[in-house]
Amino acid sequence: MRLLRLAALAVLIVPILALSARAGVAPFDLAGPDLQVTVGRGHRTLPIAEVPNLAVGDHLWIRTDLPSTQSEHYLLVIGFLRGATNPPPRSWFHACATWKRDCAREGLKLVVPEGAEQVIVFLAPETGGDLRTLINAVQGRPGAFVRTSQDLDQATLDSSRLDSYLRAIHALDESTPEKLKQVAPLLGRSLAIKVKASCLDRIPELQAPCLMQGQESLILNDGHSTSIVEALTSGPESDLAMEASYTPQLSYGYYSPYIASVLDIARIFGSFTTAHYQYIPALATLRGEVLALSLNTPPSFHDPKSVLVTALPAVEAPQPPPLHAVDPDGVYCARKSSLVLPVEGAPLVFSTGYAHHMYLSLTGGDGKTVDLPARADAEQGGFVVDTSGVGAGSLGNIVHAALKGYWGFERFEGPVFQLVSAREEAWRLAADESTAIVGREDTIHLEASSVSCIDRIMVRDPAGKELKAAWKPVRPNEVEVKLPLQAAQPGQLTLLVEQYGAARPQPVPLQAFAEAAHLESFTLHAGDSQGVLTGSRLDEVAGLAVDGVAFVPGALSSSQGVDQLTMTAQDAATAAALTPGESGLAKVRLKDGRVLDLEATVGAPRPSVVLIAKSVQRPHSSAGSHIQLTNDDEVPQRARLTFSVRAKSPADFDRDEMIEIATTDRSYSTTLSLANGGITLENRSVAIATLDPARSFGPSAFGALQFRVVDGGVTGDWQPLATLVRLPLLRELVCPATPELACKLSGSKLFLVDAISTDPRFGHAVQVPDGFPGHALPVPHPKDGKLFVKLRDDPGVINLASIDTRELPPTPQEAQRARARHAAASPPPPSMGPPKPPAPPNLS
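Everything numeric in this text was worked out from a predicted model, so none of it was measured.

Brief notes about the layout of surface pockets
Empty space left among the atoms is revealed by rolling a probe the size of a water molecule over them.
Argument step 1. Estimated volume of the largest pocket: approximately 920 Å³.
Argument step 2. Along the walls of the largest pocket sit 28 residues, with Tyr-332, Lys-336, Val-340, Pro-342 and Pro-473 positioned nearest its centre.
Argument step 3. At the level of elements, helix H5 (180-191), strand S12 (331-333), strand S13 (338-344) and strand S23 (466-475) are the ones that each hand at least two residues to the lining of the largest pocket.
Argument step 4. When the residues that make up the lining of the largest pocket are grouped by side-chain class, the tally is 16 nonpolar, 5 polar and 7 charged.

Now the structure itself:
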């Protein structure tokens, strides 16, 4: 098996490298030098790995950690930046010669000056005028280095998430690959990594290679890391920064934040090569005080020599992590020794040391407080707390808990949780579930005041054998238990409920029977090809026949001890020909060969209608979306849908007849009637129905809608009606002068967009990541002012978006390149040829 995993990993290396080559991203796989960095603020000093942002007045200590055998002399230069349009003064640059003893031992001690926004670090090979050259480069194009600083920060944060994910997958693949199916979704949720669900359907030995395929493209935009590193997001400064760096703003939407950042850095540095220097990025890995630099380009020590460039965190206000509980209403057990509190929304909490000294503050009913250390664990999907130090009953039965700690230098207060202590519970079986059936897996429900502290549930059969039962909480006071009774014998069973912190399990008696199928009724309406058989133990039913029409079993459901089994006619036409009121003896055949008799009657036909026509009235406010729906079946959420139906059975509408409209999963539904004004009769057989989706369903409903008629409690068949879609608001499209660069599309609710392209075939589409929280997206240059949009609520339909485009004026460099292209494309002037000889004189 181990050889199989290695072979699978080897096979996948080629596609991974091919993907990187296509995206234009060289891997950062060359080890560079290390930097030691600490940050002091007030009376505290933190290692750089715990500092998400710098502040004016911070004390920086930076030192290179070069080997004693270092032969090339590097100049360490620290520069402060203050925006794309404001070159920094020369006094904001500090340098020390790393080959000299004082610099090698003491490093640089600096104070972040007033007005600084970014800190950039250079390691330049020693040449004549090296410091002056670096200062001139930064002062000449500060916007390029501002953008480089932001992209290096983005790449560092994204790389930390990817590295954490890959390390965890590698470790699980080496130790317990069978756990990958359970752990991978938690890793993906914690680190905002895209986990391919299809990988988890493979055998365990092939799951890890599949989950790691694509690597950098797995990173999703989480919004928080972008807000940490991005200072230029709107207004004229953002346009200037875009012009200075010749790269599309917000380019992280193209592939992933990591890939787009590296591509941007490559574009910027490609225009910076001089006779003596070329600039190459250094990706930093944070480990305590150490910034371990990695390179994706081999450095050169011949002209042009390579200057290593990296960045420190931005100088800005702190951006606390948007951490929240996965289930805000969840109740957790305070006595569980290794308590996991599921959280999400802030992947940097799991992949960096920015959140440190975290603890869970417990407050009992009497006001007593206990603080317990908390540790972020991406594999378990939350913070892990050791509660073994909390004594039984020391805080009471109900405990209020708050996650607290530090985010860099700032105090951080995270989500709150409700905990309960284990106690003797009065366990009881849910109503009508006092018995179980042997010979199959049976399901029961246990109720108590709280089920949060259950450790495990065992079943003891009449012979004294104990079997482990699968269970899951369905409500704070109810747990669903799957009883493995396939091989059990009838008799008295005992459920043993074990709780964390309890001395012994609590017994719950349960009687098990070997019950044969019990038949109650068979319901069949005239014109239908399906009926419903009601009773118990209907899993034993093999078939049914009524008046010569054979039915076969379909889906089986069970509720409150009653089974319902769908029976489908083998000959639909013959079943539909049965007349209402016809009665007879149904023959029910069991799997063991027995045949049971059951009285059956054909009921009246179910009500049915025919859809005549429908129309959609969009509100005037929807024009701001700038999206033209191309499919008549799509209905905007804030539109009004009117449709007409003709009665089929019965031929006339009854005044109590209603129309039910619902999503296909039945999570949203509403009923229209004459009484509530949703239905208006044109005549006795034609009705006009009006639906206001926003009022009836709320803002979160979407997808295919269906309708059916309800008459006297009897429901008709579901029929397709329309597709409900929610529209984003597209406000402005700003494009640089260079067509090859992306435009910036701004608006709100952009997470409702699935993909955007400039052609209807979506050959070069921009995919919007799940859960996108931003207000701007990069899109390709539109052709003829048109963009093609796929909505997340109905991605199979391509819609048209027409929005006015504001084009930025070309930079001098872009204008020069345009003139050069025009000159190269112009045809040369026609050749004059050699001079013609003079004409001979006219002698006539």
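Description of helix H4 (residues 142-175)
Argument step 1. In this model H4 runs 49 Å from its N-terminal to its C-terminal C-alpha over 34 residues, within 8% of the 50 Å that 1.5 Å per residue would give.
Argument step 2. Buried residues dominate H4, accounting for 28 of its 34 residues.

Digging into the side chain of Gln-637
Argument step 1. Checked against the element boundaries, Gln-637 lands in the loop between strand S36 (634-636) and strand S37 (640-649).
Argument step 2. Side-chain polar atoms of Gln-637 contact the backbone oxygen of Pro-699, separated by 2.8 Å.
Argument step 3. Non-local contacts of Gln-637, meaning those with residues more than four positions away in its chain, are made with Pro-693, Ala-694, Gly-698, Pro-699, Ser-700, Ala-701, Leu-724, Val-725 and Arg-726.

Focus on the pairing of strand S32 (residues 583-590)
Argument step 1. When strand S29 (residues 541-546) meets S32, the two strands line up antiparallel, connected through 4 bridges. Bridge pairing in S32 links Ala-545 to Lys-587.
Argument step 2. Sheet analysis places S32 next to strand S33 (residues 595-603), joined by 7 bridges and oriented antiparallel. When the bridges of S33 are listed, Gly-584 appears paired with Ala-600.

Examining the packing of aromatic side chains
Argument step 1. Summed over the entire model, instances satisfying the criterion amount to 11 aromatic pairs.
Argument step 2. Between Tyr-74 and Phe-301 the ring centres are 6.3 Å apart and the planes differ by 65°, which places this aromatic pair in the edge-to-face class. Separated by 227 residues along the polypeptide, Tyr-74 in strand S4 (residues 74-81) and Phe-301 in the loop between strand S9 (290-295) and strand S10 (305-311) bring together distant segments of the chain.
Argument step 3. Under the relative-accessibility criterion, Phe-301 is labelled partly exposed at 35%.
Argument step 4. An aromatic cluster is defined as three or more aromatic residues linked by ring pairs; in this entry it consists of Phe-122, Phe-145 and Tyr-279.
Argument step 5. Taking NZ or CZ as reference, Arg-44 lies 4.6 Å from the ring centre of Tyr-406, over its face.
Argument step 6. If you follow Lys-790 out to its NZ or CZ, it ends over the ring of Phe-762, 4.5 Å from the centre.

Let's talk about the confidence of the model for the protein chain
A low pLDDT means the predicted coordinates there should not be read in detail.
Argument step 1. For the protein chain, the mean per-residue pLDDT works out to 81, and 83% of the residues sit at or above 70.
Argument step 2. Model confidence for the protein chain, summarised as mean pLDDT per element, is weakest for helix H8 (residues 236-245) at 34 and strongest for strand S2 (residues 44-47) at 95.
Argument step 3. Every residue in residues 1-24 is under pLDDT 50, and counting partners more than four places away or in other chains gives 29 contacts.
Argument step 4. A low-confidence stretch, residues 231-255 (pLDDT under 50), is modelled with 78 contacts involving residues beyond four sequence positions or located in other chains.

The rules behind each value
Residues numbered from 1 in each chain as written. Predicted model: local features only at pLDDT ≥ 70, side-chain atom pairs only at ≥ 80, totals over all residues. Heavy atoms only, no water. 1 Å grid on protein atoms, 1.4 Å probe; cavity = no way out; pocket = protein on both sides within 12 Å on 5 of 7 lines; lining within 4 Å. Points joined across faces, edges and corners; volume = space filled by probe spheres on them. Helix = DSSP H or I, 4+ residues; strand = E, 2+ residues; numbered from the N terminus. Nonpolar A, V, L, I, M, F, W, Y, C, P; charged D, E, K, R; others polar. Expected span 1.5 Å × (residues − 1). Buried < 20%, exposed > 50% of the residue type's maximum accessible area, 1.4 Å probe, protein only. Polar contact = N/O pair within 3.5 Å; in protein donor to acceptor, adjacent residues only side chain to side chain. Contact = heavy atoms within 4.5 Å. Pairing = 2+ DSSP bridges. Phe/Tyr/Trp six-rings, centres within 6.5 Å; stacked < 30°, edge-to-face > 60°. Lys NZ or Arg CZ within 6 Å of the ring centre and 35° of its normal. pLDDT = per-residue confidence, 0-100.

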